[in-house]
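Descriptive analysis of the structure
These are the residues of each chain, in order.
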Amino acid sequence: MGFEGMRVVLTGGGRGLGRRLAGEFAQRGAHVFVSARDEAAAKETVRGIEWAAVGSASAYACDLAQPASVAEFAQAVAARTDQVDVLINNGAAYLEGPADDERIAETVQGAATGTILLTEKLLPLLRRSDRPDVVNVVSAAGEPGHHRSAAHPAFYAAKHAQAGYAEILSHRLRPEGIRVVSLFPPDFVQDGPRTAGSPLTAASVADCVLFAVGQPRDCFLREFRFEQL
């Protein structure tokens, strides 16, 4: 599956699933705008892509909990390209256990407000693409009735907000040909055996993203929901 020449914007690209997704898209010929709260981590992802001599990428700092940082990242992308083909809203701070007011606010602002602000700012560039996709890596914590994650209730609240925004956006952007896809993975591991009796891996989540983006334009996949062990 090739994505030659595509422009992909990715949040949370400094580690884990985000780093894997950046590499997968670059390996298939895309240029990936990799952002992370820690710019050094984003640069490390880009170095890995360059070392492997596949695709291309550029690194940016973006703290999704800070509207000014989101705006700065969106402006930097717009200065480099006149269109965006894929926006992957992957960045979100996980929170569990006791938490103070600041961490709770950052969790909700990052996953909910940050996702909304960045998507809204990049919609003009997505509208210039002939194959625009918005992919939201939500969480099973954003599913109604879900209670199996050990995450803090604030994380649940943030993910429900993110899911609600993605759902209405999918309906409203459908007439424009912009696909909005949401994934609701349970807590998953970065590496491990990909067997029926094993926990979900980041590789499998990444494969779902690649599958959705690679579908013909008449195929609007709105959600990926996963069974748990």
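Residues numbered from 1 in each chain as written. Predicted model: local features only at pLDDT ≥ 70, side-chain atom pairs only at ≥ 80, totals over all residues. Heavy atoms only, no water.

1. Details of the side chain of Asn89
If you trace the backbone, Asn89 turns up in strand β4 (residues 86-89). Residue classification places Asn89 among the buried residues on the basis of a relative accessible area of 1%. At a separation of 3.1 Å, a polar atom in the side chain of Asn89 contacts the side chain of Thr119. Once residues lying within four places of it in the same chain are set aside, the contact partners of Asn89 are Thr11, Thr115, Leu118, Thr119, Val134, Val135, Asn136, Val137 and Gln162. (Helix = DSSP H or I, 4+ residues; strand = E, 2+ residues; numbered from the N terminus. Buried < 20%, exposed > 50% of the residue type's maximum accessible area, 1.4 Å probe, protein only. Polar contact = N/O pair within 3.5 Å; in protein donor to acceptor, adjacent residues only side chain to side chain. Contact = heavy atoms within 4.5 Å.)

2. Observations regarding the side chain of Ser149
Structurally, Ser149 is set in the loop between β5 (133-137) and α5 (153-173). When its relative accessible area of 12% is taken as the criterion, Ser149 is described as buried. A polar contact of 3.5 Å, which involves the side chain of Ser149, links it to the side chain of Tyr94. When neighbours within four sequence positions are excluded, Ser149 is seen to be in contact with Tyr94, Tyr156 and Asp187.

3. Digging into the pairing of strand β1 (residues 7-10)
Inspection of the sheet shows β1 paired to strand β2 (residues 31-36) by 4 bridges, in the parallel sense. Paired with Val9 across the two strands is Phe33, which belongs to β2. Bridge count for β1 against β4 is 3 bridges, and the pairing is parallel. If you follow Val9 over to β4, its bridge partner there is Leu87. (Pairing = 2+ DSSP bridges.)

4. Quick word on α5
Helix length check: α5, at 21 residues, gives a terminal C-alpha distance of 30 Å against a target of 30 Å (1.5 Å per residue), a fit within 8%. Within α5, burial applies to Ala154, Phe155, Tyr156, Ala158, Lys159, Gln162, Ala163, Tyr165, Ala166, Leu169, Ser170 and Leu173. Contact partners of the buried residues in α5: β4, α4 (101-126), β5 and β6 (179-184). (Expected span 1.5 Å × (residues − 1).)

5. Considerations on the state of the cysteines
A covalent bond bridging the sulfur atoms of two cysteines is what the word disulfide describes. The full count for this structure, using the stated rule, is 0 disulfides. For Cys208, which is in no disulfide, the shortest distance to another cysteine sulfur is to Cys219 and amounts to 13 Å. On the basis of relative accessibility, which here comes to 17%, the residue Cys208 falls in the buried class. On the basis of relative accessible area, Cys219 is assigned to the partly exposed category, the value being 22%. (Disulfide = S-S within 2.5 Å.)

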